[in-house]
Amino acid sequence: MRGRSISNVFFIIDEAQNLTPHEVKTIITRAGENTKIIFTGDIYQIDTPYLDSQSNGLSYLIDKIKHHEIYAHIQLEKGERSNLANLANQLL
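Being a predicted model, the structure only gives us computed values, none of them experimental. All residue numbers refer to positions counted from 1 along the written sequence of the respective chain. Since the coordinates come from a predicted model, pLDDT governs what is reported: local features require at least 70, and pairs of side-chain atoms require 80 or more to be given and counted, while whole-chain, interface and lining totals use all residues. To obtain the side-chain values, all non-hydrogen atoms of the structure were used and water was disregarded.

Undergrad: Got a sec to walk through the environment of Asn56? Specific residues and values, please.
TA: Here a helix means four or more residues in a row that DSSP labels H or I, a strand means two or more in a row labelled E, and each is numbered from the N terminus. Position of Asn56 among the secondary structure elements: in the loop between β2 (36–39) and α2 (57–65). Only protein chains enter the calculation, and the probe is 1.4 Å; a residue is then buried if its accessible area is under 20% of its type maximum, exposed if over 50%, and partly exposed in between. Judged by its relative accessible area of 0%, Asn56 is buried. Sequence spacing of Asn56 and His22 is 34 residues, and the spatial spacing of their C-alpha atoms is 9.6 Å. Contact partners of Asn56, with chain neighbours within four places excluded, come to Gln17, Leu19, Pro21, Ile43, Ile46 and Leu51. Among the polar contacts listed, one links the side chain of Asn56 to the backbone oxygen of Asp52, at a separation of 2.9 Å. A 3.5 Å cut-off defines polar contacts: any pair of N or O atoms within that distance qualifies, except that in protein one atom must be a possible hydrogen donor and the other a possible acceptor, and neighbouring residues in sequence count only when both atoms are side-chain atoms. A polar contact of 3.3 Å, which involves the side chain of Asn56, links it to the backbone oxygen of Ser53. Should any heavy atoms of two residues lie within 4.5 Å, those residues are counted as being in contact.

Undergrad: For the pairing of strand β1 (residues 10–13), give the residues involved together with the corresponding values.
TA: In this analysis, strands are considered paired if DSSP registers two or more bridges between them. Where β1 lies against β2, 4 bridges are found, and the strand directions are parallel. Paired with Phe10 across the bridge in β2 is Lys36. Following the backbone out of β1, through helix α1 (residues 21–28) and into the adjacent parallel β2, one traces a crossover that is right-handed. Orient the strands so they point away from the viewer; a crossover is then right-handed if the path from the first strand over the helix to the second runs clockwise.

Honestly, that's just the spatial picture; any functional story needs more than this.
Written out as structure tokens, the structure is:
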């Protein structure tokens, strides 16, 4: 990613909760003209042992950019798997 400029694309980063804040910054600072970046993820489903729900790149991005007019955030409230999966996500 370093040294690149990504222009005129719709860029989707999935599982962004597993990125560090530095990795999120690296991705965003490569955005060129007419580029849109979408980060998706669940801040509670982290697979990286040195990150948690507050220190991961997705949480960091939401916290730092939430009040800027070029940013939007959507939080889905309902899981689509099962009541058991939703319970495990909340408690484990």
